[in-house]
Every structure is written in structure tokens, then in C-alpha cells.
Amino acid sequence: RVSLARALASHPRALLLDEPVSALDESTRDSVCRELLRIHRMFHIPVIHVCHSSEETRLVASRMAVMGDGCIVQTDTPDNLFERPASPFVARFLRIENLFAGDVLRQDGASFIRCGGCDIRADAPEGTADFIIRSWQVDLGAGRPAANRIRGRLREAAYAGPVARLQIDGPLPLVAQVARRDAEALRLTTGQDIELSFPPEAVHVMQRRPACGPDTERS
């Protein structure tokens, strides 16, 4: 906080912050990040905030840039980056789960991605595809209409506030983030057979490209 006050005292035209909260505990980090956001709005100056935490980025950033091998590989709002990572590198960097690769097939005018012995309905160009299945769009599927259904066995159920994180082993291992009340209503136990479902819109197909290339910006 003292370092930040010293920087602001010179009336800067921009602030460059290199991991400013990396040494703080989570509660203090969140408090300081909220203060940084307030300062940004108060002084109306651009702030470049460098960090290695996606959670920290969500607290402070209106736009986010992911770097790899000295290049900026994708820029967008934090929410859009998590919804639509441009490449497997970005998805792994953001710790996005349910990252797969498969072959796209077409049948009766519809496209499917064949992966792990499953045919997943999704809008994708023909060829080999890297894709994610958004964990927050996966539902406990019993009795619900859905284009995609995956059966497996519950490996782990972890609860954090109103959300349950379910890890399923099967032909296509999946992680689902569902409402805690839905998971508790089924009285789920480790090793239990379970069915998950998700719509084609939960599948996001990415581009196959290196972290640095002709379409990325070298810094």
C-alpha cells in the first residue's frame, strides 16, 4: 500500500504493477485488489497489472492478455477468455478443465466430434479438433433432454459454497460444476454410476496453433 501511494504521489499517466499482491494472503489480496480497482476508477489512468493468477485477474481487469513464449497469444475480457480460449495453450494456462482432442464427422447435416469412443454433437469444421466442454454447462443428466449424454462413475465430489465439483471417470472423463443442492439431493457417493448431459453450445472448438506464430503479437 505504501509503494502504491508513492507511485500515485507523482501523478503518473499510467501505472505498471508487477505482481503487486503476490506476497499477500488471499483475504488481504482480495481487499487490495478491490482498492486497486477503486483507485483505477478514481484517477482514470490506465493500469497494466502483471500476475500469474486468473482469480486475481478477474478481480481487477477489464481486459486480459495471455502471454506465452514472449508473445501475446490472446486478449479479451476475462469472462470471454474463459468462455472461448483461442488455443489449448490458453485453456491450460487458465486451468480450464475438460480439454480434449477428437475427429470431426458429419452425418445427416450435423457435425459430431468423435473422442474417447463417444460422438459429441457440436458445431465444428471437419478435421481434427481441440475442444473444451464447459464444466459449468454440464448437468446431472438423468431425465433431462440433452443432445449429449456421458455415463461414468463418480470419482470425487467436492463442495465449495453453493457449487459441487464432480469428477467422473468413463469413456470421456469429465468435470462438472453443478448446483450443490442438486448433487446433495441425489446423495452421491464415490464409485456411484452417474449420467451427465450437456448441449452442443457447451462445446467450444479451438484453433490448432503454437503459442507464438504469424498471427500473434511478439512483445
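Use the structure listed above.
Predicted model only: the values in this text are computed from it and were never measured. (Residues numbered from 1 in each chain as written. Predicted model: local features only at pLDDT ≥ 70, side-chain atom pairs only at ≥ 80, totals over all residues. Heavy atoms only, no water.)

Colleague: Honestly, the overall build of the protein chain in this entry has me stumped. Any pointers?
Modeller: A count of helical and extended segments in the protein chain gives six helices and 15 strands. Based on the C-alpha atoms only, the size of the protein chain along its principal axes is roughly 65 × 45 × 25 Å. Counting only residues that meet the buried cut, the protein chain has 37% of its 219 residues in that class. In the protein chain, the share of contacts with a sequence separation of at least 24, taken over all contacts with a separation of at least 6, comes to 61%. (Helix = DSSP H or I, 4+ residues; strand = E, 2+ residues; numbered from the N terminus. Buried < 20%, exposed > 50% of the residue type's maximum accessible area, 1.4 Å probe, protein only. Contact = heavy atoms within 4.5 Å.)

Colleague: Explain the pairing of strand S11 (residues 163-169) here, please?
Modeller: On a regular strand, each side chain points to the face opposite its neighbour's, so the side chains alternate between the two faces of the sheet. Bridging between strand S10 (residues 148-160) and S11 involves seven bridges; their strand directions are antiparallel. Bridging from a neighbouring strand, Ala160 pairs with Val163 of S11. Between S10 and the antiparallel strand that follows it, S11, lie two residues; Gly161 among them carries a positive phi value of about 60 degrees. Examined bridge by bridge, S11 and strand S12 (residues 174-179) share six bridges and lie antiparallel to one another. Note on S12: the bridge partner recorded for Ile168 is Leu174. Hairpin geometry of S11 and S12 is characterised by an intervening segment of four residues between the two adjacent antiparallel strands. (Pairing = 2+ DSSP bridges.)

Colleague: Can you walk me through the sheet that holds strand S9 (residues 139-140) in this structure?
Modeller: With antiparallel pairing, five strands are arranged side by side in an open sheet as S9-S13-S10-S11-S12. Of all strands in the sheet, those bounded by a partner on one side alone are S9 and S12.

Colleague: Explain the side chain of Glu56 to me, please; I cannot follow it from the model alone.
Modeller: Position of Glu56 relative to the elements: it lies in helix H3 (residues 54-60). The charged side chain of Glu56 is buried without a salt bridge, its nearest counter-charge being Arg29 at 5.4 Å. Residues contacting Glu56, with those up to four places away along its chain left out, are Pro20, Val21, Arg29, Cys33, His49 and Cys51. (Lys, Arg positive; Asp, Glu negative; His and termini not counted. Salt bridge = Lys/Arg side-chain N within 4 Å of Asp/Glu carboxyl O.)

Colleague: When you look at the side chain of Ser54 in this model, what are you seeing that I'm missing?
Modeller: For Ser54, the location among the structural elements is in helix H3. Overall, Ser54 belongs to the buried group, its relative accessible area being 13%. Ignoring any residue separated from it by four or fewer positions in sequence, one finds Ser54 in contact with Phe82, Leu94 and Arg95.

Colleague: So what exactly am I meant to see when it comes to the nonpolar core here?
Modeller: The nonpolar side chains of a soluble globular protein tend to be buried with one another. The biggest cluster of nonpolar side chains holds 29 residues, and the ones touching the most others in it are Ile133, Leu166 and Phe198. Residue contacts for Phe198: discarding those within four places in its chain leaves Ile120, Ile133, Gln137, Val138, Ala146, Ala147, Asn148, Ile150, Leu174 and Val203. Ranked by size, the runner-up nonpolar core spans 12 residues in total, among them Met64, Leu81, Ile96 and Ile132. (Core = buried A, V, L, I, M, F, W, Y, C linked by side-chain atoms within 4.5 Å.)

Colleague: Honestly, helix H2 (residues 26-43) in this entry has me stumped. Any pointers?
Modeller: Each full turn of the α-helix corresponds to 3.6 residues, which orients residues three or four apart in the same direction. Under the 1.5 Å per step criterion, the end-to-end length of H2 is 26 Å for 18 residues, consistent within 8% with the ideal 26 Å. Of all the positions in H2, only Arg29, Val32, Cys33, Leu36 and Ile39 are classed as buried. The arc that holds every buried residue of H2, seen down its axis, measures 120 degrees, which confines them to one face. Facing away from the buried side of H2, by more than 90 degrees, are the exposed residues Ser27, Arg34 and Arg41. On its buried side, H2 packs onto helix H1 (2-9), strand S1 (15-18), strand S2 (47-50) and H3. Note on H2: the residue one or two positions beyond its end, His44, has a positive phi of about 55 degrees. (Expected span 1.5 Å × (residues − 1). Arc of directions from axis to C-beta.)

Colleague: Looking at this structure, how should I read the packing of aromatic side chains?
Modeller: We describe a pair of aromatic rings using the distance from one ring centre to the other and the angle between the two ring planes. One pass over the structure, following the stated rule, counts two aromatic pairs. The aromatic ring of Phe82 is capped on one face by Arg58, whose charged end is 3.9 Å from the ring centroid. (Phe/Tyr/Trp six-rings, centres within 6.5 Å; stacked < 30°, edge-to-face > 60°. Lys NZ or Arg CZ within 6 Å of the ring centre and 35° of its normal.)

Colleague: Whenever I open this one, the sheet that holds strand S7 (residues 118-121) confuses me. Can you help?
Modeller: Through backbone hydrogen bonds, the strands of a sheet pair up, either in parallel or in antiparallel fashion. Strand order in the open sheet made by the five strands is S7-S6-S5-S8-S14, with antiparallel pairing throughout. Only two strands of the sheet have a single neighbouring strand rather than two, namely S7 and strand S14 (203-206). In this sheet, adjacent strand axes meet at a mean angle of 45 degrees when their direction is disregarded. When strand S5 (residues 99-107) meets strand S8 (residues 127-133), the two strands line up antiparallel, connected through six bridges. Bridge assignment links Gly102 to a residue of S8, and that residue is Ala129. (Axes fitted to C-alpha atoms, helices over the stretch in contact; angles between N-to-C directions.)

Functional significance is not addressed by these values, which are geometric in nature.
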